[in-house]
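# Overview (structure and organization)
Given next are the chains, with one letter for each unit.
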Amino acid sequence: MFYSKRDQNITYINHFDGLLEVEGRGNLCREDADVDPEAKKNWADEYDTLSVTEGITGIGEGYLEAFPCISCLILSRSVVSVAATPELLEKMRERKVLIRGEYDTFAESFAKENRLDFLHSDIPVAEYDIEAAHEHDIVTLRFHRDGTADIHYNCFTPGSSAGSYGGGEYAKELPQDFYLGCTMEGFAGNISKHAREQILANDAIRRFLEAENRRHAKS
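Since this is a predicted model, take the numbers as computed values, not measurements.

Spatial strand order, β5-β1-β2-β3-β6-β8-β10-β11: 8 strands in an open sheet with mixed pairing. Two strands bound the open sheet, and with one partner strand each, they are β5 (35–36) and β11 (118–120). In the sheet, strand β3 (residues 19–23) pairs with strand β6 (residues 49–52) via 4 bridges, with the strands oriented parallel. Residue pairing in the sheet places Glu 21 in a bridge with Ser 51 of β6. Along the sheet, helix α2 (residues 106–113) contacts β8 (72–75), β10 (98–101) and β11; its crossing angle with β10, the most-contacted strand, is approximately 160°.

Have a look at this one:
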C-alpha cells in the first residue's frame, strides 16, 4: 500500500495482477502520484489498470500522465470530471485504453465523447459463508471486452496446515442477453440461496438490469 505525499487520506492498494486502486475523497491532482513509502521513480509503470474508487470526485490535470502504461481506467460513479489534454487523449486512443464504469455515468460519457472504448465495470454480487464446508465465497458479475459475461466464484476454504488456505476459482458463463426480462429475483435465483438477500439489496445490479432492458427496448 502507498500513500499520497500530499494527502495521506489518498491511498493506493496494489494488486499482483496489474491492478492499482486509488481510494480517497475529493479531487486527485498530479502531486498525489508522488507516494510514501518512497517508491522507485517509475513505480506506476508496473500497473496496467487504474481503478478510481467511490469517494473520489475528479481527476485533475497531469494526474493520468503519471500512469503512462495503463490500458484500462475504471471510474466509479462518484467521478464527475477528468482533466485530459488533447495530447493525452490521443495517446489513450493509440494505446486503446478501455474506460470502465456504470451505464449512464460520467465514465460512459467521457468514453463516448473522446472516442474511447467503454465496458461496464464488474459488479460485486455477494459474499457469504457455507458453514458446513467451512467455505467463504466471493461472487462477482464480470463483463468481458468480447461481449461475454460470467459469474465468477472465488472460494476460500481451510488448508491442510495452520495458516494455509485452499479453495479455488471458477466461472459460470452467462447466455448472451441474459439480462433481457431478468428481474432481481430471477437473477438471485441463478446464483446461490446464500446470496439471495444480498443480491435483492444490491443497487448496482438493479441499475444494470434496468439500464440494459431500457436500452434494449429503445433499440
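Back to the write-up after that little detour.
This next bit is on the pattern of salt bridges. This model, assessed by the stated rule, comprises 11 salt bridges. One salt bridge connects Asp 32 with Arg 6, and the closest N-O pair in it is separated by 2.9 Å. Here the residue Asp 32 occupies a position in the loop between β4 (26–28) and β5, and Arg 6 occupies one in the loop between β1 (2–4) and β2 (11–14), the gap between them amounting to 26 residues. Using a relative accessible area of 44% as the deciding quantity, one classes Arg 6 as partly exposed. Among the salt bridges present, the one from Glu 90 reaches Arg 93, with a minimum N-O distance of 3.2 Å. Of this pair, Glu 90 and Arg 93 both sit in helix α1 (residues 86–94), separated by 3 residues, roughly a single helical turn. For Arg 93, a relative accessible area of 22% puts it in the partly exposed group. Several salt bridges converge on common partners, so that one network encompasses Asp 104, Glu 108, Arg 214 and Arg 215.

With an omega dihedral of -10°, the bond running from Asp 36 to Pro 37 counts as a cis peptide bond. Residue placement: Pro 37 occurs in the loop between β5 and β6. Positive phi, normally seen in glycine, also occurs at Arg 115, with a value near 55°. For Arg 115, the position within the fold is in the loop between α2 and β11. Accessibility expressed as a relative area gives 60% for Arg 115, which makes it exposed. Within the chain, Asp 177 stands out as a residue other than glycine whose phi angle is a positive 60°.

What counts, and at which threshold
Residues numbered from 1 in each chain as written. Predicted model: local features only at pLDDT ≥ 70, side-chain atom pairs only at ≥ 80, totals over all residues. Heavy atoms only, no water. Pairing = 2+ DSSP bridges. Helix = DSSP H or I, 4+ residues; strand = E, 2+ residues; numbered from the N terminus. Contact = heavy atoms within 4.5 Å. Axes fitted to C-alpha atoms, helices over the stretch in contact; angles between N-to-C directions. Salt bridge = Lys/Arg side-chain N within 4 Å of Asp/Glu carboxyl O. Buried < 20%, exposed > 50% of the residue type's maximum accessible area, 1.4 Å probe, protein only.

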